[in-house]
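Spelled out, the chains give:
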Amino acid sequence: MIIIIQCRDRVGLVSGISGALAQAGINIISMDEYVDKTENRFFVRVEAEAPASRLLDESQLRPILPDDAIITINPLPEKKIVVLVTKEYHCLADILVRNYFKTLGATVSAVIGNHDVLQDICKRFDIPFHYISHEQLSKPEFEEAVGDVIDTYQPDFVVLAKFMRILSPTFVARFIRRIINIHHSFLPAFIGANPYRQAHERGVKLIGATAHYVTNDLDEGPIIAQQTIPVHHGFTAQDMMKAGREIETAVLAKALRLVLHDRVFVYKNRTVIFE
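Report on the accompanying structure. As the structure is a computational prediction, the values presented were derived from the model and not from experiment. Sequence order sets the numbering: in each chain, residues are counted from 1 along the sequence as written. Per-residue local features are limited, in this predicted model, to residues with pLDDT of at least 70; the limit for side-chain atom pairs, both in listing and counting, is 80 or more; totals at the level of whole chains, interfaces and linings are taken over all residues. The side-chain values count all of the structure's non-hydrogen atoms but skip hydrogen atoms and water molecules.

**As for the overall build of the chain**
Spelled out, the test is: By the criteria applied, helices consist of DSSP H or I runs no shorter than four residues and strands consist of E runs no shorter than two, each listed in order from the N terminus. Based on C-alpha atoms, the radius of gyration is set beside the globule rule, defined as 2.2 Å times the residue count to the power 0.38. Only protein chains enter the area calculation, which uses a 1.4 Å probe; residues under 20% of their type maximum are buried, those over 50% are exposed, and those in between are partly exposed. Any two residues whose heavy atoms approach within 4.5 Å at even a single point are treated as in contact.
Counting its regular elements, the chain contains seven helices and 13 strands. Taking 2.2 N^0.38 as the reference for a compact globule, 275 residues should give roughly 19 Å; the C-alpha atoms of the chain span a radius of gyration of 21 Å, in line with that estimate. Each principal axis of the C-alpha atoms in the chain carries an extent, and together these give about 60 × 40 × 35 Å. Expressed as a percentage of the 275 residues in the chain, the buried residues total 47%. Contacts spanning at least 24 positions in sequence make up 65% of the contacts within the chain whose residues lie at least 6 apart.

This is the structure we're talking about:
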């Protein structure tokens, strides 16, 4: 059982939560908490276990928490995800391998692509692939078609594994705080096509990647995970692209692990993460 709470801070919250769980016959395995003093905001993540006959609901915690408390009790932590792709395979391939060996922390319900390039690899892993081309549809029509397919699977999260389409506010609102994206960390310095070539021409000394929640502000949503590595003048644009893909894969994998294990709190445009 995982219990996550965020609320206004006040004295006695940890004691109150511990007492309520003890009274319910629930044993705490671990408890991580953090207080953002600037925002006067309290965050806590509890891992607990209880006999099958013992259940916990919000009504047992509400009396000891401030009235603005956001409580999530997740007795079944296994999640479902739908992955959106275009042509690049590296992030999707890693997700499919982890899903196959049951180390992802979720089940991949389906993959949706606006090109059919990655259909074969999904077939090899026995994952449904839905090809929805954007070329003959208006943007609203394309997004509605994609959203309708996503809805049939009722996923907990939608993962953009190098999905190269900018999503509208309407689509983002349909899956608010449920869309996770991976991109190179050059944004906004190197925007548009061929970021690694731009970085090579500029002579950068660091490359990296960022995983974040998708919001209406392009590539500015709450950050989940980041990583950089040093590069030097001997790196070609192709070398940077290869290294960048490896970082993107690693960062997205880390972000998914954190999110799928309920270790990420979002408040305003920031995250609190218990690793």
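From this point, things continue past the structure.
**Here we look at the layout of surface pockets**
To keep things clear, this is the line we draw: A 1.4 Å probe that fits into a set of points on a 1 Å grid over the protein atoms alone but cannot get out defines a cavity; an open set with protein on both sides within 12 Å along at least five of seven lines defines a pocket, and lining residues are those with an atom within 4 Å of a point. Grid points are joined across faces, edges and corners, and a volume is the space filled by probe spheres set on the points. In this classification, Asp, Glu, Lys and Arg are treated as charged, Ala, Val, Leu, Ile, Met, Phe, Trp, Tyr, Cys and Pro as nonpolar, and every other residue, Gly included, as polar.
The volume enclosed by the second largest pocket comes to roughly 470 Å³. Around the second largest pocket, the lining is made up of 17 residues, and of these Ile-4, Thr-72, Phe-157, Asp-262 and Val-264 lie nearest the centre. By residue class, the composition of the lining of the second largest pocket is nine nonpolar, three polar and five charged.

**A short note on the state of the cysteines**
Counted only if it meets this: Any two cysteine sulfur atoms lying within 2.5 Å of each other are counted as a disulfide.
Following the criterion strictly, the structure yields zero disulfides and no others. Free of any disulfide, Cys-91 has its nearest neighbouring cysteine sulfur in Cys-122, separated by 13 Å.

**What to know about the side chain of Ser-168**
Looking at where Ser-168 falls in the secondary structure, it is placed in the loop between strand E8 (157-160) and helix H5 (169-174). Beyond its immediate chain neighbours, meaning those up to four positions away, Ser-168 contacts Lys-139 and Glu-143.

**What about the sheet that holds strand E11 (residues 223-230)?**
The condition that has to hold: Two strands are said to pair when DSSP picks up at least two bridges between them. Axis definition: a line fit to C-alpha positions, over the contact stretch in the case of helices; interaxial angles, taken between N-to-C directions, run 0 to 180 degrees.
With respect to topology, seven strands assemble into an open sheet ordered E7-E6-E5-E8-E9-E10-E11, the strand pairing being mixed. A strand with exactly one partner marks an edge of an open sheet, and here the two such strands are strand E7 (129-131) and E11. Direction aside, neighbouring strands of the sheet carry axes that sit 20° apart on average. For strand E5 (residues 79-85) and E8, the ladder comprises four bridges, and the chain directions are parallel. Within the sheet, the bridge partner assigned to Ile-81 lies in E8 and is Phe-157.

**Description of the nonpolar core**
What counts, and what does not: Within this scheme, the nonpolar core is defined by two criteria: the residues are buried Ala, Val, Leu, Ile, Met, Phe, Trp, Tyr or Cys, and they are joined through side-chain atoms within 4.5 Å.
Counting 44 residues, the largest nonpolar core has Ile-81, Val-83, Ile-95, Val-111 and Leu-252 as its most contacted members. Top contributing element to this core by residue count: helix H7 (residues 237-260), with 10 residues. Excluding anything up to four places from it in sequence, Ile-81 contacts Ile-95, Leu-104, Ala-106, Thr-107, Val-108, Ser-109, Ala-110, Pro-155, Phe-157, Val-159 and Leu-260. Grouped together as the second largest cluster of nonpolar side chains are 18 residues, Ile-3, Cys-7, Ala-48 and Ile-71 included.

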